[in-house]
Protein chains: 2
Amino acid sequence: MEGVLIIGAGAAGSVTAQKCAMNRDVFKRVHLASRRLASCEAVAKRCVTPIEISQVDADNVAETVALINKVKPDLVINMALPYQDLAIMDACLETGVHYLDTANYEPRDVAKFEYSWQWKYQDRYKDKGIMAILGCGFDPGQSNIYCAYAQEFLFDTIETIDIIDCNDGSHGKAFATNFNPEINLREVTQRGKYWKDGKWIDIDPLSIATMIDYPEVGPRKSYLIYHEEEESLVENIKGLKQIRFWMTFSDNYIKHLEVLQNVGMTRIDPVMYKGNPVIPMEFLKELLPPPSSLGEGYTGRTSIGCIFTGKKDGKDKRAIIYNVCEHTQAYKETGAQAVSYTTGVPPVVGAMMVFKGAWKGAGVYNVEQLPSKPFMDEIGQHGLPWHTRELEDGEQSELFAVKT
Amino acid sequence: MEGVLIIGAGAAGSVTAQKCAMNRDVFKRVHLASRRLASCEAVAKRCVTPIEISQVDADNVAETVALINKVKPDLVINMALPYQDLAIMDACLETGVHYLDTANYEPRDVAKFEYSWQWKYQDRYKDKGIMAILGCGFDPGQSNIYCAYAQEFLFDTIETIDIIDCNDGSHGKAFATNFNPEINLREVTQRGKYWKDGKWIDIDPLSIATMIDYPEVGPRKSYLIYHEEEESLVENIKGLKQIRFWMTFSDNYIKHLEVLQNVGMTRIDPVMYKGNPVIPMEFLKELLPPPSSLGEGYTGRTSIGCIFTGKKDGKDKRAIIYNVCEHTQAYKETGAQAVSYTTGVPPVVGAMMVFKGAWKGAGVYNVEQLPSKPFMDEIGQHGLPWHTRELEDGEQSELFAVKT
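Here the structure is a predicted model, which is why all the values come from computation and not from measurement. (Residues numbered from 1 in each chain as written. Chains lettered and ligands numbered in written order. Predicted model: local features only at pLDDT ≥ 70, side-chain atom pairs only at ≥ 80, totals over all residues. Heavy atoms only, no water.)

## Comments concerning the overall build of chain A
- For chain A, the helix and strand inventory stands at 16 helices and 18 strands.
- The C-alpha radius of gyration of chain A comes to 20 Å, within 12% of the 22 Å expected for a compact globule of 404 residues.
- The principal-axis extents of the C-alpha atoms in chain A amount to approximately 55 × 55 × 40 Å.
- The burial tally for chain A puts 60% of its 404 residues in the buried class.
- Counted over contacts in chain A with a minimum sequence separation of 6, partners at least 24 positions apart contribute 72%. (Helix = DSSP H or I, 4+ residues; strand = E, 2+ residues; numbered from the N terminus. Rg over C-alpha atoms; globule rule 2.2 N^0.38 Å. Buried < 20%, exposed > 50% of the residue type's maximum accessible area, 1.4 Å probe, protein only. Contact = heavy atoms within 4.5 Å.)

Below is the structure:
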């Protein structure tokens, strides 16, 4: 294997391309394609080794197939929009090329986060003898791999998982989202849910919150939201009794979100304006600062990890695995802030796993179904070192006290 | 005189048409025209006597001229958008018909509230022997007439005027504006200013606030904003030392406004969306509840008036003139809430003044330049009774204590 094709040149895709270009021992050929060639050109300029670029409309399967036939990659890293997952999976299937992405497919017209559409490709990918690796960003992605690693090496049985996601950074804007505003707001405005004792429990959006003590950050108010990796982890972590996902939002962010919802700006159905349909959420995206513009002057850090409870050698055990990423350091290296950086690096290491033969098979995989150790051994050298330790008595007491 | 043509069938225009239809002794012929014929039809159904209706694009002078030539009114009441004032004034000039409006002309592309454009019609209206009566809604309009009345009957010299505008109503929506959202938000988001000792003092938007004790409402937080009637009152109230305009906004309204500004939704420059220009403020208008939908279930009242200080018979005097209007009562009578009602009634009484010969002349007039007494004698019978009294010692102490 020698060639990788990255589709998508947004802030995270830029990080992915730059990291591939830093690892030419693995990726002999690196090709970046996106809807806007100018975006690819800007990324190519930042790369430490030369990469090739192309324009592509990833909604158009035939176009992507033609690009794959021209570029002849061994694997496609999909860093485009979640709406485009299926079209790119179709193109990979048609051309017999491995597929890897960082976020599950969503239909444009309904905010529905589930793997069902992509899991349906199982038999076709198996028959074709190629892999589709789903959700290999940070969360989902690194978070799933933390779980797989904890299951194999830290616990005999994992009983509960709390994925905790804190961006304690400051971008200095009145309001901005750290990744694609449309995807971010769709995620946050949906109803929440978590999984307990074999069933999903549905909650009002942002209706459960608590303080979580984030490593190297400190206690921050965090909201229970639904996040896509929970769906596959429930299937793949045996004996699990509960899984929840928590994310920090500042009061200012919540205020903006509330108002935008109140006035209808987060709607994803078209509203007529001078004879043309305008989707409010899409239009809002045009108004907000692009996430790629937030890198400069962004201070603070992200602190993301998984807190586990379970049994080891017959005794109760509580442990955490986490990564902390500095915005300024991510920006210095790649011109992107830490949220884009933490999303853009894991797919590179995931691709490496395939290229090095550590991840192999045929069919559709969520990353926790693949060997965690080779990934965990590699990721630290590429900018996302991880740490693990057992929790002390009373640590994360507020999190564990939440009645859910 | 026998015929009136009303252009504009929004919430306030609907009130104007209905009130004209209630006064057929004065208005023998009533014609309502608007961009959407369906709006006129809905208003006509509410009228207690039959009115005629037409479709017209008031931006198009030739179309309006043709309509005036068909309808042959003696006076046009302009209840359309402020952007359309000049086009309608042009049409009146061409056809030799009196003109009356409720809000000053604004260019679409810049939020600039001033009479300069309309005052330039002075010579042409004079030469044509017709009247253009500017700003005959509530404020401007009734507020200016309160000032003219106070100048003539209550004071020897007015030294300060505070126009106070409170909507203490509740429409039950998370966020809505009481009149055209676009016009409302343009007005509120502009820089503030007030006039003192011969000059205008510019302030940051909503940066000065105080508590004002509104008649029949009580103390409410009020913000100093610029309002167009100040420009003409400074010219026409002799000896004036200071004029300020205050409006209540709830914390919730301010919060929504702040967020909408932060994200760029109050911008009036075009933003490209899928190849088409979209003006955020105009698009926002499409999302918010139309003011005409706010009537049902609207509770509470408006309390709007003028507080004067000055001299009478060599002694200091402080007095207030005000109106209080109940939302439910306005809705019961006209299907519109009190903000639309208080705007829609004064132009009817203004038109009556012209029809009855109490207001006559040739040229462009702000309403305080016309006799106040016949208007004040009439307006109470049409739904907007007014009250006046001297202020007691210490009354409105917070308002008077504001250092501006």
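What follows picks up the thread again.
## Side note on the pairing of strand E12 (residues 242–248) of chain B
Residues and elements named next belong to chain B.
- For E12, a buried count of 7 out of 7 residues is recorded, marking the element as mostly surrounded by other parts of the structure.
- Neither face of E12 is open: one carries Gln242, Arg244, Trp246 and Thr248, the other Ile243, Phe245 and Met247, and all of them are buried.
- Pairing of strand E7 (residues 157–167) with E12, which is carried by 6 bridges, proceeds in the parallel orientation. Across the sheet, residue aspartate 165 finds its bridge partner in E12, namely methionine 247.
- As defined by bridge partners, strand E8 (residues 192–196) adjoins E12 across 2 bridges and the pair is classed as antiparallel. Looking at E12, one finds that tryptophan 195 is bridged to isoleucine 243. (Pairing = 2+ DSSP bridges.)

## Re the domain arrangement of chain A
Residue and element names in this part refer to chain A.
- Split into domains, chain A comes out as domain 1 (3–138 + 339–382) and domain 2 (142–334 + 385–401).
- Each of domain 1 and domain 2 has a C-alpha centre, and the two are 22 Å apart.
- The interface is formed by 40 residues belonging to domain 1 together with 42 residues belonging to domain 2.
- Of the roughly 3500 Å² buried at the junction of domain 1 and domain 2 (both faces included), carbon and sulfur atoms supply 61%.
- Applying the counting criterion to the domain 1 and domain 2 interface returns 1 salt bridge.
- For the salt bridge of glutamate 333 with lysine 19, the shortest nitrogen-to-oxygen distance reads 2.5 Å.
- For the interface between domain 1 and domain 2, the tally reads 14 residue pairs in polar contact (both at pLDDT 80 or more).
- Of all the secondary-structure elements, those providing two or more residues to the side of domain 1 that touches domain 2 are helix H1 (11–21), helix H13 (338–344) and helix H15 (373–379).
- Each residue belonging to the side of domain 1 that touches domain 2 can be placed in one class, and the counts come to 21 nonpolar, 11 polar and 8 charged. (Domains from an automatic or database assignment. Buried area = accessible area lost by both parts, 1.4 Å probe. Salt bridge = Lys/Arg side-chain N within 4 Å of Asp/Glu carboxyl O. Polar contact = N/O pair within 3.5 Å; in protein donor to acceptor, adjacent residues only side chain to side chain. Nonpolar A, V, L, I, M, F, W, Y, C, P; charged D, E, K, R; others polar.)

## Quick word on the sheet that holds strand E3 (residues 52–55) of chain A
Residue and element names in this part refer to chain A.
- Taken together, 7 strands build an open sheet; the order of strands is E3-E2-E1-E4-E5-E6-E17 and the sheet is parallel. Edge strands, defined here as strands with exactly one partner in the open sheet, are E3 and strand E17 (363–366). If you compare each strand with its neighbour and ignore which way they point, the axes differ by 20° on average.
- Taken together, the 4 bridges between strand E2 (residues 29–34) and E3 define a ladder with parallel strand orientation. Opposite leucine 32, over in E3, you have isoleucine 53 as the bridge partner. (Axes fitted to C-alpha atoms, helices over the stretch in contact; angles between N-to-C directions.)

## Considerations on the confidence of the model for chain A
- Here chain A shows a mean pLDDT of 95. Residues at 70 or above account for 100%.
- Reported confidences for the modelled complex are a pTM of 0.74 and an ipTM of 0.71. (pLDDT = per-residue confidence, 0-100.)

## Describing helix H8 (residues 181–189) of chain B
Residue and element names in this part refer to chain B.
- In terms of residue burial, H8 counts as a mostly covered element, since 9 of its 9 residues are buried.
- Looking at H8, one finds that the buried residues are Pro181, Glu182, Ile183, Asn184, Leu185, Arg186, Glu187, Val188 and Thr189.
- Against the buried residues of H8 lie E12, helix H10 (251–263) and helix H11 (280–287).

## A word on the relation of the copies chain A and chain B
- Superposing chain A onto chain B requires a rotation of 180° together with a translation of 0.1 Å along the rotation axis, leaving an RMSD of 0.0 Å. Such a turn and shift between the copies fits a two-fold axis. Relative to the rotation axis, the closest C-alpha in chain A is found at A:Val259, a distance of 3.4 Å.
- Of the residues that chain A buries at the interface, 100% are likewise interface residues in chain B, meaning the two copies contact each other through the same surface. (Least-squares fit on C-alpha atoms with pLDDT ≥ 70 in both.)

## Concerning the pattern of salt bridges
- Taken as a whole, this structure holds 34 salt bridges over all chains when the rule is applied.
- We note a salt bridge from A:Lys255 to B:Glu258, for which the minimum N-O separation is 2.9 Å. Placement of the pair is A:Lys255 in helix H10 (residues 251–262) and B:Glu258 in helix H10, with the two residues belonging to separate chains.
- Here the salt bridges do not stand alone but share partners, grouping A:Glu159, A:Lys311 and A:Asp316 into one network.

## Considering the packing of aromatic side chains
Residue and element names in this part refer to chain A.
- In the structure shown here, the tally under the stated rule is 29 aromatic pairs over all chains.
- Pairing tyrosine 149 with phenylalanine 153 gives two aromatic rings, centres 4.8 Å apart and planes at 40°, and the pair type is tilted. Of this pair, tyrosine 149 and phenylalanine 153 are both found in helix H7 (residues 142–154), 4 residues apart, which corresponds to roughly one turn of the helix.
- Among the residues examined, tyrosine 149 registers a relative accessible area of 13% and is labelled buried.
- Their ring planes at 20° and their centres at 5.1 Å tell us that phenylalanine 249 and tyrosine 253 sit as a pair that is stacked.
- Sitting over the ring of tryptophan 200, lysine 193 keeps its end group 4.9 Å from the ring centre. (Phe/Tyr/Trp six-rings, centres within 6.5 Å; stacked < 30°, edge-to-face > 60°. Lys NZ or Arg CZ within 6 Å of the ring centre and 35° of its normal.)

## Comments concerning the interface of chain A and chain B
- If you look at the interface, chain A gives 27 residues, while chain B gives 27 residues.
- Taken together, both faces of the contact between chain A and chain B bury some 2300 Å²; the carbon and sulfur share is 69%.
- Joining chain A to chain B, the criterion identifies 4 salt bridges.
- The partner of B:Glu282 in a salt bridge is A:Lys274, with the nearest N and O atoms 2.9 Å apart.
- Across the contact surface, chain A and chain B share 10 residue pairs in polar contact (both at pLDDT 80 or more).
- Listed by contribution, the elements that provide at least two residues to the side of chain A that touches chain B are H10, strand E13 (271–273), strand E14 (276–278) and helix H11 (280–287) of chain A.
- A per-class count over the side of chain A that touches chain B returns 17 nonpolar, 4 polar and 6 charged.

## Here we look at the UniProt feature "domain: Saccharopine dehydrogenase-like C-terminal" (unreviewed entry) in chain A
- Look at the UniProt record and you will see "domain: Saccharopine dehydrogenase-like C-terminal" (unreviewed entry) annotated at residues 137–384 of chain A.
- Taken as a whole, residues 137–384 of chain A contains 33% helix and 30% strand, while its terminal C-alpha atoms sit 12 Å from one another. (UniProt positions renumbered as here; feature names shortened; annotations may be inferred.)

## With respect to the state of the cysteines
- In the structure shown here, the tally under the stated rule is 0 disulfides over all chains.
- Free cysteine: A:Cys47, not disulfide-bonded; nearest cysteine sulfur from A:Cys20 at 8.7 Å. (Disulfide = S-S within 2.5 Å.)

## Observations concerning the sheet that holds strand E3 (residues 52–55) of chain B
Residues and elements named next belong to chain B.
- Taking strand neighbours across the sheet as the criterion, the 7 strands line up as E3-E2-E1-E4-E5-E6-E17 in an open arrangement whose pairing is parallel. Among the strands making up the open sheet, the edge pair consists of E3 and strand E17 (363–366). Taken pair by pair, the neighbouring strands of this sheet meet at an average axis angle of 20°, ignoring direction.
- Against the sheet, helix H2 (residues 37–46) contacts strand E2 (29–34) and E3, and its axis sits at roughly 165° relative to E3.
- Against the sheet, helix H4 (residues 85–95) engages strand E1 (3–7), strand E4 (75–78), strand E5 (98–101), strand E6 (131–134) and E17, with an angle of about 160° to E5.

## What to know about the environment of A:Tyr194
Residues and elements named next belong to chain A.
- Position of tyrosine 194 among the secondary structure elements: in strand E8 (residues 192–196).
- Considered as a pair, tyrosine 194 and glutamate 235 are 41 residues apart in the sequence and their alpha carbons are 14 Å apart.
- Once residues within four sequence positions are removed from consideration, tyrosine 194 is found in contact with Lys199, Trp200, Ile201, Ile203, Ile208, Leu224, Glu230, Ile243, Arg244 and Thr404.

## Thoughts on the side chain of B:Glu159
Residues and elements named next belong to chain B.
- Its place among the elements puts glutamate 159 in strand E7.
- Judged by relative accessible area, which is 18%, glutamate 159 ranks as buried.
- Only 3.5 Å separates the side chain of glutamate 159 from the side chain of lysine 311, close enough to count as a polar contact.
- If we skip the residues at most four places from it in the chain, glutamate 159 touches Gly239, Leu240, Lys241, Gln242, Thr309, Gly310 and Lys311.

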